[in-house]
Amino acid sequence: MKSFGASNEFLLDEAQEWEIVGEGVKRKIMGYDDKIMLVKVHFEAGGIGYEHKHYHSQVTYCIDGEWEFTIGGITQTVKDGDSVYIPPNVLHGAKCTKSGILIDVFSPIREDFME
């Protein structure tokens, strides 16, 4: 695995740029080293995180909003204060039904987000 070093110790929200990653979906990388990454993701209602899988472990915390999350073929509504764990190599995706923000934590770092 390529090394990306580490982010600055302080990453103030207003100083981080949003990256558009899909229709109605944008993200900010909010901290990382090669072993872990934290990402803030904003969805507009109707925004889709298309089904995919990756070798990283993922935990997602819902700050606000509402999603229909599908993990390994099981779909459930996730809203304010809820979280999900996505094991490595499990197909998953989400459709936003009420605009909001998710916090994603990945281990190890998502190399594809860094390029």
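Small disclaimer: the values here were computed from a predicted structure and weren't measured. (Residues numbered from 1 in each chain as written. Predicted model: local features only at pLDDT ≥ 70, side-chain atom pairs only at ≥ 80, totals over all residues. Heavy atoms only, no water.)

(A) Structural detail: the side chain of His92. Within the secondary structure layout, His92 lies in strand S8 (residues 92-107). Since its relative accessible area comes to 3%, His92 is described here as buried. A distance of 3.4 Å separates the side chain of His92 from the side chain of His54, its partner in a polar contact. At a separation of 3.4 Å, a polar atom in the side chain of His92 contacts the side chain of Gln58. When neighbours within four sequence positions are excluded, His92 is seen to be in contact with Tyr50, Glu51, His52, Lys53, His54, Gln58, Thr70, Ile71 and Ile86. (Helix = DSSP H or I, 4+ residues; strand = E, 2+ residues; numbered from the N terminus. Buried < 20%, exposed > 50% of the residue type's maximum accessible area, 1.4 Å probe, protein only. Polar contact = N/O pair within 3.5 Å; in protein donor to acceptor, adjacent residues only side chain to side chain. Contact = heavy atoms within 4.5 Å.)

(B) Spatial organisation of the pattern of salt bridges. Enumeration according to the criterion identifies 4 salt bridges in this entry. Notably, a salt bridge pairs Asp112 with Arg110, separated by 2.6 Å at the nearest N-O pair. Given a relative accessible area of 43%, Asp112 falls into the partly exposed group. One salt-bridge network, held together by shared partners, links Asp13, Lys28 and Lys40. (Salt bridge = Lys/Arg side-chain N within 4 Å of Asp/Glu carboxyl O.)

(C) The UniProt feature "domain: Cupin type-2" (unreviewed entry) in the protein, seen in detail. In this structure's numbering, the residues bearing the UniProt feature "domain: Cupin type-2" (unreviewed entry) are residues 41-99. Taken end to end, residues 41-99 comprises 0% helix and 69% strand; its first and last C-alpha atoms sit 11 Å apart. (UniProt positions renumbered as here; feature names shortened; annotations may be inferred.)

(D) A look at the packing of aromatic side chains. One pass over the structure, following the stated rule, counts 2 aromatic pairs. Consider the rings of Phe43 and Trp67, whose centres lie 5.6 Å apart with planes at 85 degrees: the pair is edge-to-face. In this pair, Phe43 sits in strand S3 (residues 36-43) while Trp67 sits in strand S5 (residues 57-71), placing the two residues 24 residues apart along the sequence. One exposure class covers both Phe43 and Trp67, and it is buried. Taken together, a centroid distance of 5.6 Å and an interplanar angle of 85 degrees make the contact between Phe106 and Phe113 edge-to-face. (Phe/Tyr/Trp six-rings, centres within 6.5 Å; stacked < 30°, edge-to-face > 60°.)

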